[in-house]
Structures are given as C-alpha cells and as structure tokens.
Amino acid sequence: MSETAALPPLPPLPKPTAKPKPAPKAKQLPAPKPPQPKPVEDRFQPFNKEAEFRALGAMFIDPEAAKIALEDVRAEDFYFAKHQILFSVMAEIFPKEHLLDELHVRDTLARNGTLELAGGQDYLGRMIRETPSAASVELHCKIIRDYAKRRKMIETANAIAKQIGITNVLAE
C-alpha cells in the first residue's frame, strides 16, 4: 500500500473590513434634442481651398502668373486668412521686384510677424512644390472671385434678413 501524505489545512480567508461598493447605477441620459437650425452667422461659407492654394503657388513660379493674379483678385477675395496674408505680402513685393522669390516673401512675412499666420515656412515650400504649373492661374483666380461673390451675396442676404427680422434665412 502506498502512503499518502496529508496536506496541511489552508489558512482561513481574511474577513473583509470594508463593505463592498454597490455597482454604479446607469445614468439616465436626457432625451436627444431635435436638431436646431444654425444661425446664419455660423453657416458654412463657400470656398475652394485648392484654387486659392494653386493660384498662390502659380504666383511664386511664374512672374506673368503673379501679374495676372494681382490684376484679377484682391486679398479679401480669399477665404482663408493665411491666404489673404500671403497674397497681401506678395502684392506688396511684386511691383518692386517683378518676381516673387520664396525667400523674400518668407523673410517679409517673418519681419512682419505673420509667417506662422500665413501657414509657415513649410506651407510656402509645399505650395511651390505642389503647384504643377502656372498655366491655369486665370481659371483659379476666376474660381476664387466666384466664391468671393457667393460669400458676399450670402452676407448681403443675411443683412437684409436681419433688417426685416428673419434670423434663420438660408438655414438648413
């Protein structure tokens, strides 16, 4: 016969000193509110970022494109503030230099304290690299002008609507 050794008894489990916390109750979520029309001021404004980007890039790569753009659009026609800033500096430099050199534009923006507001050094370089040619600058300027006109029409319609007491004109 084989002998089996008896195992020592297990020590008793410690008694809990604190009461177990009850499971948290599920919070009652409020009923979802129906979608509200957005105020006119918060409405999406029309723009074409690529046309703005390419027109500015074309101004860097071809002096003739810069001349065309400076005749066709104004800084306020651009939707993005960084493009407005950049165009303004280009409009300041071009008549004096008859070309737009990235270094000169970047230096002017830095001296004005607006380089980062205009997208920064990398943005300017990317703009030049990613603009395939200046051939379509007139088309890009036309797109920029068209979107600027649309924004102006919306602004005018909103002003008229406010005058007659309509607050959600053109709301979705």
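Everything below is about the structure shown above.
Calculation criteria
- Residues numbered from 1 in each chain as written.
- Predicted model: local features only at pLDDT ≥ 70, side-chain atom pairs only at ≥ 80, totals over all residues.
- Heavy atoms only, no water.
- Core = buried A, V, L, I, M, F, W, Y, C linked by side-chain atoms within 4.5 Å.
- Buried < 20%, exposed > 50% of the residue type's maximum accessible area, 1.4 Å probe, protein only.
- Helix = DSSP H or I, 4+ residues; strand = E, 2+ residues; numbered from the N terminus.
- Contact = heavy atoms within 4.5 Å.
- Phe/Tyr/Trp six-rings, centres within 6.5 Å; stacked < 30°, edge-to-face > 60°.
- Lys NZ or Arg CZ within 6 Å of the ring centre and 35° of its normal.
- Salt bridge = Lys/Arg side-chain N within 4 Å of Asp/Glu carboxyl O.
- Expected span 1.5 Å × (residues − 1).
- Arc of directions from axis to C-beta.
- Polar contact = N/O pair within 3.5 Å; in protein donor to acceptor, adjacent residues only side chain to side chain.

J.: So what exactly am I meant to see when it comes to the nonpolar core here?
T.: When a protein is soluble and globular, its nonpolar side chains tend to lie buried together. Membership of the largest hydrophobic core comes to 32 residues, with the highest contact counts inside it found for Leu86, Leu100 and Val105. Contributing elements (two or more residues each) for this core: helix 1 (49-61), helix 2 (63-72), helix 3 (81-97), helix 4 (102-112), helix 5 (120-130) and helix 6 (137-163). Broken down by element, this core gets its largest block of residues, seven residues, from helix 1. Sequence-distant contacts of leucine 86, that is, excluding residues within four places in its chain, are made with Leu56, Phe60, Val105, Leu109, Ala118, Leu124 and Met127.

J.: I would appreciate a short explanation of the packing of aromatic side chains in the present structure.
T.: The full count for this structure, using the stated rule, is five aromatic pairs. Here the aromatic rings of phenylalanine 53 and tyrosine 123 are separated by 5.6 Å at their centres, their planes lie at 70°, and the arrangement is edge-to-face. Pair noted here: phenylalanine 53 is in helix 1 and tyrosine 123 is in helix 5, with a separation of 70 residues, a long-range link. Take phenylalanine 53: its relative accessible area is 6%, and that puts it in the buried class. Taking the relative accessible area as the measure of exposure, tyrosine 123 reaches 6% and is therefore buried. Here the aromatic cluster, defined as three or more aromatic residues joined through ring pairs, consists of Phe47, Tyr79 and Phe80. One Lys or Arg, lysine 82, reaches over the ring of tyrosine 123 and ends 4.1 Å from the middle of that ring.

J.: Any chance you could explain the side chain of glutamine 45 here in plain terms?
T.: Its location among the elements puts glutamine 45 in the segment before helix 1. What glutamine 45 contacts, discounting residues up to four positions off in sequence, is Tyr79, Arg151 and Ile154.

J.: Just to check I follow, could you spell out the pattern of salt bridges for this structure?
T.: Here the idea is simple: oppositely charged side chains can pair when their charged atoms come close. Under the counting rule described, the total for this entry stands at nine salt bridges. Close ionic contact of arginine 106 with glutamate 102 constitutes a salt bridge, the shortest N to O distance being 3.7 Å. With a gap of four residues between them, arginine 106 and glutamate 102 both fall in helix 4, about one helical turn apart. Between arginine 111 and aspartate 107 there is a salt bridge, with its nearest N and O atoms 3.1 Å apart. Taken as a pair, arginine 111 and aspartate 107 lie in helix 4 at a separation of four residues, close to a single helical turn. Where salt bridges share partners, they join Arg74, Glu76 and Asp77 into one cluster.

J.: What am I meant to see in helix 6 here?
T.: Side chains three or four residues apart in an α-helix point the same way, a direct result of the helix having 3.6 residues per turn. With 27 residues, helix 6 extends 39 Å from end C-alpha to end C-alpha; this agrees with the ideal 39 Å at 1.5 Å per step. Buried within helix 6 we find Val137, His140, Cys141, Ile144, Ala148, Arg151, Ile154, Asn158 and Ala161. Looking at the packing, one finds that the buried side of helix 6 touches helix 1 and helix 2. Remark: glycine 165 follows helix 6 within two positions and exhibits a positive phi of approximately 90°.

J.: Can you walk me through unusual backbone geometry in this structure?
T.: Apart from glycine, the bulk of residues carry a negative phi angle, and the bulk of peptide bonds sit in the trans form. Positive phi, close to 65°, is recorded for histidine 98, a residue that is not glycine. Mapping histidine 98 onto the fold places it in the loop between helix 3 and helix 4.

J.: Help me understand helix 2, please; the structure alone is not making it clear to me.
T.: Here helix 2 has its buried residues at Ala65, Ala66, Ile68 and Ala69. All buried residues of helix 2 lie within an arc of 165° about the axis, which places them on one face of the element. Close packing links the buried residues of helix 2 with helix 1, helix 3 and helix 6. Where helix 2 begins, one side-chain oxygen reaches toward the backbone nitrogen of glutamate 64, 3.0 Å away; that side chain belongs to aspartate 62.

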